[in-house]
Amino acid sequence: MVDPARPLVVSGARLVDPATGREGTGSVLLRDGLIADVAWGAAPAAPEGAERIDGAGLVLSPGLIDMQVFAGEPGAEHRETLKSASEAAAAGGVTTLVAMPQTNPPVDDPAIVDFIRRRARDTAIVNVLPAAALTKGRAGLEMTEFGLLREAGAIAFSDGDRSVTNALVMRRALTYARDVGGLIVHHVEDPDLVGPGVMNEGERASRLGLHGIPHAAETIMLERDIRLVGLTGGRYHAAKVSCSDSLAVVRRAKEAGLPVTVGVSINNLTLNENDIGDYRTFLKVSPPLRSEDERLAVVAALAEGLIDVVVSDHDPQDVETKRLPFAEAENGAVGLETLLSAGLRLVEAGQIALPALLAAMTTRPAAILGIEGGRLARGAPADLILFDPDEPYVLDKADLKSRAKNSPFDEARLQGRVRKTFVAGRIVHG
Amino acid sequence: MNARTAFNQKHLLGIEGLNHLEITHLLDMADQAVDVSRQIEKKKATLRGRTQINLFFEASTRTQASFELAGKRLGADVMNMSVGNSSVKKGETLIDTATTLNAMRPDIIVVRHHAAGAVHLLAQKVECSVVNAGDGAHEHPTQALLDALTIRRNKGRIEGLVVAICGDILHSRVARSNIILLNALGARVRVVGPTSLLPPGIERFGVEVFGDMKAGLKDADIVMMLRLQRERMNGSFVPSVKEYFRYFGLDQEKLGYARPDALVMHPGPMNRGVEIATDVADGAQSLIREQVEMGVAVRMAVLEALASHLPNR
C-alpha cells in the first residue's frame, strides 16, 4: 500500500470530469486525501518524491457513489458484511456507498447508525454512509427520529425495499424531513397491486405461469409521492424507476420545479424480462426487469438526464434464498462489482456518453446526498478510479469479493475493468 | 416408428419445446396403450426393473393414480410420495428433496408442485428422467396430451377444429399446455372467460379471446371447461358462484351455440353447478369419463418414450 503521506501522481490518463463533462489527457496530483492539482494536457507538476502511476490508455474519473447498497450489517452477516461489501465496492470502482437500512434490527435508532459508522471505520475500505429507516421498524406507521438520526450521521431516510403505503404517514414524514433538511429515498411500489406478482406483467410472465407486476404498481406510488412533495416541499428521491409511465410522472414533477430526483437500477438499464429465461432466480429483482421497450426508455431517460442516478441495487442473497422455485425466491442481485462494466455496455452501444454515465454514478449522487465528491477538481476528495474501459472479460462469480454470488451477469461477457481504486488518496484496490 | 428418433427428450417438462412430430408420436403410442389397457392382461415389460417415483407436492387423486397405474402396467416399481406442504414446514427445500430422491437411484420421477418452474429446477438436480405432472400455473403436459388423444379419437383429427377453452385461464396450467399443443397441431384455439381470469398478453399466444361465452362457443367443435378454484369464486376474481355460472357456466343453452356435434371436456375434478351443469357433464356430448381413460394411456406412452432414452438400454 502507498504511504498515505506521500503525494501520488497519476499521469497520462484520459481524464473525465463528469461534473463539467470535460474529457482529455492529463494528470492528477493527490495529496493529503485530496486532489491537489489537475493538469489538463500539460505535463504533470509532480513534487519531489511523489509516487507515480502511469495512466496511459486508462480512464481516470471520480470514484463511483452508489446510493443503494445492502451491506448486511447488522443481522445478515452471512450474506454480506461492511468489510466484504466495501471490498466488492473497491473492486468495482465504488468509493462511497449508502448502506440501506433494511438490516436486522433496522436502522431506526441513532445507536445503530453509530454502530454502522464505527464498524465501517474499523473494517471498510471505502466510504460508508448509513441511511436510516423512514419509519420505526420499517413498519410504515410512525416516523423515526429524523433529527437525532441526522446528528448521528444518517445520510438519508428510507424504508429500504418497502414502500410507505399510508399517504398520511408519508405526508408527515416529508413535512418533518423538510424541517430537518432530510432527504427521503422511497421504494415506489404499491404492495397491494404487486400482490402475488413476481416478475413484469405481460406475455412473458403469462407463458411462465407466473403472476405479473404491472407498471402501475410503481407509477401509482410515484404519482402519489409527487403529489405529496407538491403539498409539503420535502426533498424526495424515488429510489428506482423502471418504466416509461413513471418517467412521464417524473418529467411533469421536474417541469413543475418540485424537489424530486430519481434513480434507476443498473439491472433495469442493462437487462430485460427475457433474461429470466427458464426461471433464473438471479434475475428476480425489484423493480422487476421490464420489457426491452421499457429498458430502452429508461436508458434514453438516463442519457437525457431525466433520470438522475444509477445505482447497483446491490442485494446479496445466498443459496437458501435463491435456489428455489422462482415465485418463492427472494428478490435481489449483487451489483457493486459489475456496476461500471454493465454501465459501459450502454456507452459501447452508443446510447450514452461516458461523462454522462459517470455523472449519474458520481456527480449527481454527490449533489443529492450533499457530499463532496463526484468531480475531478482541485480540493475535491481524492476518491478516484483508474479503469480500462475496453478490457473484455467473462464474469466468473467465484471471483466476486462479495460474500454472496447472486450476480445476474454470471458467465456474461463484460467490458471495462477497474485497475485502481483510490479512497482519500490511498489505493484500496489494484 | 422408432421411438428413439421420434421422441428425443430426456424429460417431459412441458409441451413447449416439443414439435408436432414428437406430439403425434406420443399420441400414436398412446393409441396402442389404450389397446393394452383394454386387454385382460394389461401388463407390459417395458419398464421392468425400473423405479418410478411419483413426487406430489400438491394433492392430487386422479393424476397420481393415473401415473401409478401407467407405471405399473409397464412393469415399473412405483413409489408414491405425497409431500404436501408438510416438508416445506419442516424446512426441507425442493432441492434437498430432489437430492435425497436422486440418491435412491430412480429411473423416472413424476413431479407435481404448486410453484411454476419447480419441476425445471428439480430436473436440473437429478440424473433421471423427470415428468412434469403440473407446476403451478405453468404447464401440465400429460393433461394436454390426453385431451388431444381424446379429441383425435373422437373427431379423427385435430387440425382445423375449433376448440374453445373456457373459464379460469389465468391460473390454469391445463389451459397453457393445451393452447401450445393444439396450436402445434393446427387447431383454432379460442379462450373464453372474464378478463379478470385471463392472463395478460394471452392474445399473443395464438388464440382468439372472447369475453362472451355464447360468441366464444359459436360453431365450436370442442368445448373445454376449466375448474374454478373455490377461493377465487367469492369476490376476488369473480363476484359470486351464481354470477359466474350465469355468464360462464356451461349449460345446455350455451352449449347450443356450439356445433351440434360439439364435444365437452373437463380436466376434473368438476365443480358441478359452478363451471358446468350436471346434465351437460353427464350428457351425450361429454367426453369427461373418456378423458380419464386416455390419461392412463397417455402416461404409459410418455413413460415408454422416456424409457427408450434411459441409460443401459
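Residues numbered from 1 in each chain as written. Chains lettered and ligands numbered in written order. Predicted model: local features only at pLDDT ≥ 70, side-chain atom pairs only at ≥ 80, totals over all residues. Heavy atoms only, no water.

*Asks:* Explain the overall build of chain B to me, please; I cannot follow it from the model alone.
*Replies:* For chain B, the helix and strand inventory stands at 13 helices and 9 strands. Relative to the compact-globule value of 20 Å for 313 residues, chain B shows a C-alpha radius of gyration of 19 Å, a close match. Seen through its principal axes, chain B has C-alpha atoms that stretch 55 × 45 × 35 Å. Within chain B, the proportion of its 313 residues that are buried is 60%. (Helix = DSSP H or I, 4+ residues; strand = E, 2+ residues; numbered from the N terminus. Rg over C-alpha atoms; globule rule 2.2 N^0.38 Å. Buried < 20%, exposed > 50% of the residue type's maximum accessible area, 1.4 Å probe, protein only.)

*Asks:* Explain the domain arrangement of chain A here, please?
*Replies:* A common way to report how large an interface is uses the accessible area buried once the components associate. All names here are of chain A. With domains assigned, chain A is organised as domain 1 (8-60 + 382-429) and domain 2 (63-369). The C-alpha centroid of domain 2 is placed 25 Å from the C-alpha centroid of domain 1. Between domain 1 and domain 2, the contact holds 37 residues from the first and 47 residues from the second. Summing both sides of the interface, domain 1 and domain 2 together bury roughly 3100 Å²; the carbon and sulfur share of this comes to 64%. Among the elements of the structure, β1 (8-17), β15 (384-394), β16 (413-423) and β17 (426-429) are those that each provide at least two residues to the side of domain 1 that touches domain 2. By residue number, the principal contributor to the side of domain 1 that touches domain 2 is β16, which donates 8 residues. Residues that form the side of domain 1 that touches domain 2 fall into these classes: 20 nonpolar, 8 polar and 9 charged. (Domains from an automatic or database assignment. Contact = heavy atoms within 4.5 Å. Buried area = accessible area lost by both parts, 1.4 Å probe. Nonpolar A, V, L, I, M, F, W, Y, C, P; charged D, E, K, R; others polar.)

*Asks:* I keep staring at the sheet that holds strand β8 (residues 222-225) of chain B and nothing clicks. Help me out?
*Replies:* Backbone-to-backbone hydrogen bonds join strands into a sheet, with any given pair of strands oriented parallel or antiparallel. Residue and element names in this part refer to chain B. Read from one edge to the other, the open sheet built from 5 strands follows the order β7-β6-β5-β8-β9, with strand pairing classed as parallel. Of all strands in the sheet, those bounded by a partner on one side alone are β7 (208-210) and β9 (263-265). Strand after strand, the sheet turns through a mean of 20 degrees between neighbouring axes, direction not considered. Sheet topology places strand β5 (residues 162-166) next to strand β6 (residues 188-192); 5 bridges connect them, and they run parallel. Residue pairing for β6: Val-163 is matched across the bridge by Val-189. Packed on one face of the sheet, helix α8 (residues 173-184) meets β5, β6 and β8 and runs near 170 degrees to β5. (Pairing = 2+ DSSP bridges. Axes fitted to C-alpha atoms, helices over the stretch in contact; angles between N-to-C directions.)

*Asks:* What am I meant to see in the pattern of salt bridges here?
*Replies:* A side chain of one charge can pair with a side chain of the opposite charge if their charged atoms are brought near each other. All names here are of chain A. As enumerated under the stated definition, the model contains 41 salt bridges over all chains in all. Across the pair Glu-23 and Arg-14 runs a salt bridge, and its minimum N-O distance is 2.6 Å. Arg-419 is paired through a salt bridge with Asp-388; the nearest N and O atoms lie 3.3 Å apart. Placement of Arg-419 in strand β16 and of Asp-388 in strand β15 is noted, with a sequence separation of 31 residues between them. (Salt bridge = Lys/Arg side-chain N within 4 Å of Asp/Glu carboxyl O.)

*Asks:* Sorry if this is basic, but what is going on with the sheet that holds strand β14 (residues 309-311) of chain A here?
*Replies:* Residue and element names in this part refer to chain A. Pairing is parallel in the open sheet, where 4 strands are placed in the order β9-β12-β13-β14. Two strands close off the open sheet at either side, each with one partner strand: β9 (183-186) and β14. Averaged over all pairs of adjacent strands, the angle between their axes in this sheet comes to 25 degrees, without regard to strand direction. As defined by bridge partners, β9 adjoins strand β12 (residues 235-238) across 4 bridges and the pair is classed as parallel. Each bridged residue has a counterpart across the sheet, and for Ile-184 the counterpart in β12 is Tyr-236.

*Asks:* Looking at this model, I keep getting lost on the packing of helix α7 (residues 215-232) of chain A against helix α8 (residues 244-255) of chain A. Mind explaining?
*Replies:* Residue and element names in this part refer to chain A. Closest axis-to-axis distance for the α7/α8 pair is 8 Å, and the angle between their directions is 10 degrees. What the angle tells us is that α7 and α8 run roughly parallel. Helix-helix and strand crossings are classified by hand; for α7 and α8 the assignment is right-handed. Where α7 abuts α8, its residues His-215, Glu-218, Thr-219, Leu-222, Glu-223, Ile-226 and Arg-227 lie against Asp-245, Ser-246, Val-249, Val-250, Arg-252 and Ala-253. Across the contact of α7 with α8, the residue classes break down as 5 nonpolar, 3 polar and 5 charged. (Parallel < 35°, antiparallel > 145°, perpendicular 65-115°, else oblique. Left-handed = near helix turned anticlockwise from the far one by under 90°.)

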